[in-house]
Amino acid sequence: MHLFYLPDLQPDDTMAHFPEEESAHAVRVLRLNVGDEVLMTNGKGWMFTAAIAVSHPKHTEAQIVAKRHLPRNAGFHLHLAVAPTKNIARFEWFLEKACEIGVDEITPLLCEHSERQKLNMERLNRVLIAAMKQSQTAVLPLLHLPCDIQTLALQCETQQKFVGWCNDHTTGALFDRVQPDNSVTVLIGPEGDFSEKEINMLKVNGFQPVSMGRQRLRTETAAIVACCTVNIKNNNI
């Protein structure tokens, strides 16, 4: 069944009014007609089943017949702060896969060695919306504006705070350190890694340096490993 994203949809609504972009997709691409059943989500954990009542390329409407509350990560909360890659396609791949696996918040992280400073946030949000639809989930991860590493460190209030570091003296793997049923933030740096100054600042602010495994990983791969690790420790995949 096709899934549509309607961010303004409320749990008490009985009718759904598709925005023009979703209306055009429903009628012109999917060729949905009156009576066809669809799924809809507001991206906030609610999934709706509805039947098309008005089929029009600019203002499709649907009658809601059922609803379910489907929170993504019951019992834990995952925030990934990741340095954007020079090749933006690799960062978009990370966003897509992290959304499919399970993440609550994502922050593009600006570091001393960052390879990219500017991002098209509208495009990145579209990547997340497409991934949410494809995986048939009801929660759209919150994508924050790019943030410098010091600001994020000072504002972070999760129960567990980790930073992936490639230094040979890093002790402990994320898999061994992360505890289930907690709020967790994991920082992943650029290809040039975090600087010693950044690591020292993060330690002062309660971040634990960890490894993602024995191999040295690309930024986007390390971020996905972190995402999988936290979900596995919480029995979420």
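Everything below is about the structure shown above.
Residues numbered from 1 in each chain as written. Predicted model: local features only at pLDDT ≥ 70, side-chain atom pairs only at ≥ 80, totals over all residues. Heavy atoms only, no water.

K.L.:
Can you explain unusual backbone geometry? Please cite residues and give values.
P.N.:
Despite not being glycine, arginine 31 shows a phi value in the positive range, around 55°. Among the secondary structure elements, arginine 31 is positioned in the loop between α1 (20–29) and β3 (37–41). Phi angles above zero are rare outside glycine, and glutamine 136 is one such case at about 55°. Tracing the backbone shows glutamine 136 in the loop between α3 (121–134) and β8 (142–143). Take glutamine 136: its relative accessible area is 37%, and that puts it in the partly exposed class. (Helix = DSSP H or I, 4+ residues; strand = E, 2+ residues; numbered from the N terminus. Buried < 20%, exposed > 50% of the residue type's maximum accessible area, 1.4 Å probe, protein only.)

K.L.:
Go over the packing of helix α2 (residues 88–101) against helix α7 (residues 219–233) with me, naming the residues and quoting the values.
P.N.:
Two elements in contact, α2 and α7, have axes separated by 9 Å at closest approach and are oriented at 10°. As summarised for this structure, α2 and α7 are arranged roughly parallel, according to the angle between their axes. Within the contact between the two elements, α2 uses Arg90, Trp93, Phe94, Lys97, Ala98 and Ile101 and α7 uses Glu220, Ala223, Ile224, Cys227, Cys228 and Asn231. Residue composition of the contact of α2 with α7, grouped by class: eight nonpolar, one polar and three charged. (Axes fitted to C-alpha atoms, helices over the stretch in contact; angles between N-to-C directions. Parallel < 35°, antiparallel > 145°, perpendicular 65-115°, else oblique. Contact = heavy atoms within 4.5 Å. Nonpolar A, V, L, I, M, F, W, Y, C, P; charged D, E, K, R; others polar.)

K.L.:
With reference to specific residues and values, describe the packing of aromatic side chains.
P.N.:
Counting across every chain of the model gives three aromatic pairs. With centroids separated by 5.5 Å and ring planes inclined at 55°, the aromatic side chains of phenylalanine 91 and phenylalanine 94 adopt a geometry described as tilted. One end of the pair, phenylalanine 91, and the other, phenylalanine 94, are both in helix α2, three residues apart, so they sit about a helical turn from each other. Of the two residues, phenylalanine 91 and phenylalanine 94, neither departs from the other in class, the shared state being buried. Against the face of phenylalanine 175 rests lysine 233, its NZ or CZ located 4.7 Å from the ring centre. (Phe/Tyr/Trp six-rings, centres within 6.5 Å; stacked < 30°, edge-to-face > 60°. Lys NZ or Arg CZ within 6 Å of the ring centre and 35° of its normal.)

K.L.:
Now, about α3: what can you tell me, with residues and values included?
P.N.:
In a regular helix each residue adds 1.5 Å, so 14 residues correspond to 20 Å; α3 covers 20 Å between its end C-alpha atoms and thus fits that length. In this fold, the buried residues of α3 make contact with β1 (3–5), β3, α2, β7 (105–110) and β8. Where α3 begins, the side chain of asparagine 120 points an oxygen toward the backbone nitrogen of glutamate 122, at a separation of 3.3 Å. Of the residues trailing α3, glutamine 136 is marked for its positive phi of about 55°. (Expected span 1.5 Å × (residues − 1). Polar contact = N/O pair within 3.5 Å; in protein donor to acceptor, adjacent residues only side chain to side chain.)

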